[in-house]
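So the chains spell out like this:
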Amino acid sequence: MVTARSPRYTESTQGRLRRLNLAVSLPPLMIAAAFVLFVDADAWWHVIVLAPGVAAGLVAFERWTANDLARVALPGLIVAGAVWPLGVLLTGSPNAYWGFCAVGSLALREVRRRRAPAVAGLFSYVAVVGAARLLVERDDVREVLVSYVLIPTALTVLVTVMTIVGERFYDLIRELEQTREREAELAVVRERVRFASDLHDIQGHTLHVVKLKIALAQKMLLRDAGRADKELRETYALVSDTIAQTKELAYAQRRLNLSAEIENAKNLFEAAGIRVRVTREAEVDARAGELLGQVLRETTTNILRHSQATQVQITLSAAGITIVNDGVAGNSIPGLRGLSALRQRVSGDGGELTVEQHEGRFRTAAMFPSARAGTTAAASEHDR
């Protein structure tokens, strides 16, 4: 029984594996197919008999690279399985087993149950059909056994073993892919924990102080009304400041250190199995760096959540910061609300935040005019 077995690859990983297999393995297979037709076809009608088996093998391999073999495995086995006896009995082609060997060895990957009997059946079919050549050629038994039984069966065994070994390799890739997904999820969780920690730092201490001041104001209310009023006014101011800090944190407007954000982003990406390269062409003004740090933090979260990135390039220049990542599916730019909110702030500080997507790569850039990089953010901070 042949059933679909769909490995949990992401679309980008599946695409890379498909291109690699097609580039490395398809040319040798096509050469082998041409060799079969050239050597075994002694007449034009031999090509008509042998070509379907060769085509079945190539189609099976192409569909296998696309993770779609289950749909063509059974028809391919039937076609290639019919070509082998025709080649043995009709055209005298000892290499006519090639298509059946190719389709059968690949189709074994799709067999979930009773794989051992399926393997034994594959080898037995090749050997038994090859031995049928003795029905039409009895003069040289040894030559028939070597050319039609021993060599086809041995090569089928070899190809099958290599396919099974290759299956273990793809299982390892699948496990690594799943591990990478879990690491990316953990990275997002860590970012949420950090946000929760920042929120606790802002509100935890404030609430404790507010509790103490209200208790003190209650005690002073009858004995020293002026002191009680002072404590309540200080409490009001403290609560107002906490509300402002909480709002800044919620909208990623809290003061950030760009160098610390770069290091944090690098650690998050590496934890998720993403290669990251940081290029510092120049240093930006500390106040402008706060806004660029917010852009980097939001972009880091977007990459971990919405892409299947394998590499990220962070470039810091005198004018701003640029982040480029791969692993982007589709051609349309997704709606990223966090960056949309930051675009207004960057624009308000005299800069420009742009996002671009091209050929599977996503580019986020926040740029300020070089001459004003150190002044626009400062002016905005002063106004606030």
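These numbers were taken from a predicted model, which means no experiment stands behind them. (Residues numbered from 1 in each chain as written. Predicted model: local features only at pLDDT ≥ 70, side-chain atom pairs only at ≥ 80, totals over all residues. Heavy atoms only, no water.)

1. Remarks on the overall build of the chain
Check the secondary structure of the chain and you find 11 helices and five strands. For the chain, buried positions account for 41% of its 384 residues. Once local pairs closer than 6 in sequence are excluded, the contacts in the chain between residues at least 24 apart make up 73%. Carbon and sulfur atoms form 60% of the exposed surface of the chain, whose accessible area is close to 21300 Å². (Helix = DSSP H or I, 4+ residues; strand = E, 2+ residues; numbered from the N terminus. Buried < 20%, exposed > 50% of the residue type's maximum accessible area, 1.4 Å probe, protein only. Contact = heavy atoms within 4.5 Å. Areas by Shrake-Rupley, 256 points an atom, 1.4 Å probe, with all protein chains shown as cover.)

2. Topic: the packing of aromatic side chains
The full count for this structure, using the stated rule, is three aromatic pairs. On the numbers, 5.8 Å between centres and 70 degrees between planes, the contact of tryptophan 84 with tyrosine 97 is edge-to-face. Linking tryptophan 84 in helix H3 (residues 70-91) with tyrosine 97 in the loop between H3 and helix H4 (98-107), this pair joins segments that are 13 residues apart in sequence. With respect to burial, tryptophan 84 and tyrosine 97 carry one shared label: buried. (Phe/Tyr/Trp six-rings, centres within 6.5 Å; stacked < 30°, edge-to-face > 60°.)

3. Things to note about H3
Between its first and last C-alpha atoms H3 spans 30 Å; for 22 residues at 1.5 Å apiece the expected length is 32 Å, and the two agree. The largest bend in H3 is about 25 degrees, located at glycine 76. By the burial criterion, the buried members of H3 are Val72, Ala73, Gly76, Leu77, Ala80, Gly81, Val83, Trp84, Gly87, Val88 and Thr91. Positive phi shows up at glycine 92, right after H3, with a value of about 65 degrees. (Expected span 1.5 Å × (residues − 1). Bend = angle between axes of the 7 residues up to and from the residue.)

4. Thoughts on the confidence of the model for the chain
Looking at the chain, the pLDDT average stands at 79 and 85% of residues meet or exceed 70. Predicted confidence in the chain is weakest over helix H11 (residues 376-383), with a mean pLDDT of 41, and strongest over strand E2 (residues 311-316), with 93. A low-confidence stretch, residues 1-7 (pLDDT under 50), is modelled with 20 contacts involving residues beyond four sequence positions or located in other chains. Per-residue pLDDT stays below 50 along residues 371-384; that stretch engages in 16 contacts with residues further than four places along the chain or on separate chains. (pLDDT = per-residue confidence, 0-100.)

5. Things to note about the packing of H3 against helix H5 (residues 115-131)
With their axes 9 Å apart at the nearest point, H3 and H5 run at an angle of 25 degrees to one another. Taken together, the axis directions place H3 and H5 in an arrangement best described as roughly parallel. Here the hand of the crossing between H3 and H5 comes out right-handed. Each of Gly81, Ala82, Trp84, Pro85 and Val88 in H3 lies in contact with H5, whose residues at this interface are Tyr125, Val126, Val129 and Gly130. Considering only residue class, the contact of H3 with H5 consists of seven nonpolar, two polar and no charged. (Axes fitted to C-alpha atoms, helices over the stretch in contact; angles between N-to-C directions. Parallel < 35°, antiparallel > 145°, perpendicular 65-115°, else oblique. Left-handed = near helix turned anticlockwise from the far one by under 90°. Nonpolar A, V, L, I, M, F, W, Y, C, P; charged D, E, K, R; others polar.)

6. Quick look at the sheet that holds strand E1 (residues 275-280)
Taken in spatial order, the five strands make up an open sheet running E1-E2-E3-E5-E4, and their pairing is mixed. A strand with exactly one partner marks an edge of an open sheet, and here the two such strands are E1 and strand E4 (352-358). Neighbour to neighbour, the strand axes of the sheet diverge by 10 degrees on average, direction disregarded. (Pairing = 2+ DSSP bridges.)

7. Thoughts on the pairing of strand E3 (residues 320-325)
When you tally the buried positions in E3, you get five out of six residues, the bulk of the element. Summarising the sheet, E2 and E3 pair through five bridges and their orientation is antiparallel. Considered in E3, the bridge of glutamine 313 is made with valine 324. Following E2, the chain reverses through three residues before pairing antiparallel with E3. Pairing analysis gives six bridges linking E3 to strand E5 (residues 361-367), with the strands arranged antiparallel. Within E5, the position partnered with valine 324 by the bridge is arginine 363.

8. Comments concerning the packing of H3 against H4
It is the contact of H3 with H4, at a shortest axis distance of 8 Å, that shows an interaxial angle of 155 degrees. Taken together, the axes of H3 and H4 are roughly antiparallel relative to one another. Crossing handedness for the pair H3 and H4: left-handed. Counting all contacts with H3, which are made through Ala73, Gly76, Leu77, Ala80 and Gly81, the residues of H4 involved are Gly99, Phe100, Val103, Gly104 and Ala107.

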